Amino acid sequence: MSLYDDAVLVLKGYEDQPELCQAYLDQLAAHPDGMWKACQTGHLTASALVIDPSRARVLLTLHKKLGMWLQMGGHCEPGDPTVEAAALREATEESGIAGLALLRGGPVRLDRHPIPPPCHWHFDVQYAALAPAGAAETISDESLDLRWFAYDEVAGVADDSVVRLLEATRARL
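Each chain has its residues counted from 1, following the order in which its sequence is written. Predicted model: local features are reported for residues with pLDDT of at least 70 only, side-chain atom pairs are reported and counted for 80 or more only, and whole-chain, interface and lining totals are derived from all residues. Water and hydrogen atoms were dropped before computing side-chain values, which therefore reflect all heavy atoms in the structure.

> Go over the overall build of the chain, please, and point to the residues and values.
By the criteria applied, helices consist of DSSP H or I runs no shorter than four residues and strands consist of E runs no shorter than two, each listed in order from the N terminus. Helix and strand counts for the chain stand at 5 helices and 8 strands. A principal-axis box enclosing the C-alpha atoms of the chain has dimensions of 45 × 30 × 30 Å. Expressed as a percentage of the 173 residues in the chain, the buried residues total 50%. Put simply, of all contacts in the chain between residues at least 6 apart along the chain, 67% involve residues at least 24 apart. Residue burial considers only the protein chains on display, and all accessible areas are found by Shrake-Rupley using a 1.4 Å probe. Put simply, the chain shows about 8500 Å² of open surface, and 53% of that area lies on carbon and sulfur atoms. Positive charges are assigned to Lys and Arg, negative charges to Asp and Glu, while His and the chain termini are left out of the count. The atom standing in for a charge is NZ when the residue is Lys, CZ when it is Arg, CG when it is Asp and CD when it is Glu. Where the 14 positive side-chain charges of the chain centre and where its 25 negative ones centre are 3 Å apart. When a residue's accessible area, from a 1.4 Å probe over protein chains only, is under 20% of the maximum for its type it is buried; when over 50% it is exposed; and in between it is partly exposed. Two residues qualify as a contact provided that any one of their heavy atoms is within 4.5 Å of a heavy atom in the partner residue.

Below is the structure:
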C-alpha cells in the first residue's frame, strides 16, 4: 500500500472534525502529489506531541524557522510506509528520544494551517507519542531548543493548535 493510500484510509477512519477531515480528503483527491512538500497548493504533514503522563508534562521544540514552541513533526518522506510511521519518525528525530510509542487509536487531531510561500497549506495529521521512563531528549538540527513543559504551562508558550492537541491527548489518555 502506498503512503497516499494509507493517508486516505487513516482519514476515512478518523471520526472527529468531519468538515476538516473532508477538506484533507478533498485535497488528496485533487492532488495525487498531496503527500509531498512539492505540492504547492498544500500537502500532508505528520506530527506527534511527545508526552510524559507520569510527570504531567510535554516536550516541545522551539522550531528553527518559525521561532515557535511546537510539537515534533514535519514532511512525509518516500521511505515512510504510513502516516503514523512518519509521525513517529519525526518525533524520534526531533526529540532524540528512543523508544517513543504512539498513543493508540490513530490521529488525535487534524490541524490545517497556512505556511509561507511558495506553498500555501500544511494539512497536519497529529498524533501523541508516549515518552518512556527516564527519556533523555537531544536537540536536533531542526530545533533551537527542546524543553519539557508542565501541562498548565503550555498555553503560555505555544499557540492554540498545540493547546488543542494537548487537550485532545489528555482526553484520550
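> Got a sec to walk through the nonpolar core? Specific residues and values, please.
Formed by 34 residues in total, the largest nonpolar core has its most connected members in Y24, M35, L44, V50, V83 and L110. Per element, the largest residue contribution to this core is 5 residues, and it comes from helix 2 (residues 18-30). Beyond its immediate chain neighbours, meaning those up to four positions away, L110 contacts L11, Y14, Q17, L20, C21, Y24, D124, V125 and Q126. Here the nonpolar core consists of buried residues drawn from Ala, Val, Leu, Ile, Met, Phe, Trp, Tyr and Cys, with membership extended through side-chain atoms lying within 4.5 Å. Of all hydrophobic cores here, the second largest spans 18 residues; its members include V108, F149, V154 and L165.

> Please provide a residue-by-residue account of helix 5 (residues 160-172), values included.
Since one α-helical turn is 3.6 residues long, residues separated by three or four positions face the same way. Expected helix span is given by 1.5 Å per residue-to-residue step, counting one fewer step than there are residues. Its 13 residues give helix 5 an end-to-end C-alpha distance of 18 Å, which sits within 8% of 18 Å, the value for a rise of 1.5 Å per residue. Taken together, the buried positions of helix 5 are S161, V162, V163, L165, L166 and T169. The inward-facing, buried residues of helix 5 contact strand 1 (43-52), strand 2 (57-63), strand 3 (69-70), strand 6 (109-114), strand 7 (121-130) and helix 4 (154-157).

> How would you sum up the pairing of strand 2? Please name residues and give values.
Of all 7 residues in strand 2, 6 are buried, a share of seventy percent or more. Counted along the chain from strand 1 to the antiparallel partner strand 2, the turn is 4 residues long, and its residue A56 has a positive phi close to 50°. As paired strands, strand 2 and strand 3 are joined by 2 bridges and run antiparallel to one another. Across the sheet, residue T61 finds its bridge partner in strand 3, namely L70. Strand pairing is defined by DSSP finding a minimum of two bridges between the two strands.

> I'd love a proper account of the side chain of E94, names of residues and values included.
Checked against the element boundaries, E94 lands in helix 3 (residues 83-95). We define a salt bridge as a side-chain nitrogen of Lys or Arg found within 4 Å of a carboxyl oxygen belonging to Asp or Glu. The buried charged residue E94 lacks any salt bridge, with R89 as its nearest oppositely charged partner at 7.2 Å. Here G73 takes part through its backbone nitrogen, which lies 3.2 Å from a polar atom of the side chain of E94. Here a polar contact is recorded for every N or O atom pair within 3.5 Å, except that within protein the pair must consist of a potential hydrogen donor and a potential acceptor, and residues adjacent in sequence are included only if both atoms are side-chain atoms.

> Describe the pattern of salt bridges, naming the residues involved and giving the relevant values.
The tally for this structure, following the rule as stated, stands at 7 salt bridges. One salt bridge connects R89 with E77, and the closest N-O pair in it is separated by 3.3 Å. With R89 in helix 3 and E77 in the loop between strand 4 (72-75) and helix 3, this pair connects stretches of sequence that are 12 residues apart. Notably, a salt bridge pairs D80 with R89, separated by 2.8 Å at the nearest N-O pair. When its relative accessible area of 6% is taken as the criterion, D80 is described as buried. Salt bridges sharing partners connect three or more residues here, namely E77, D80, R89, E90 and E93.

> Explain helix 3 to me, and be specific about the residues and the numbers.
Counted at 1.5 Å a residue, the expected span for helix 3 with its 13 residues is 18 Å, and the 18 Å between its end C-alpha atoms agrees. Turning to helix 3, its buried residues number three or more, namely V83, A86, A87, R89, E90, A91, E94 and S95. Its buried side turned inward, helix 3 meets helix 1 (3-13), strand 1, strand 2, strand 4, strand 7 and strand 8 (143-150). Phi turns positive, to about 75°, at G96, one or two residues after helix 3.

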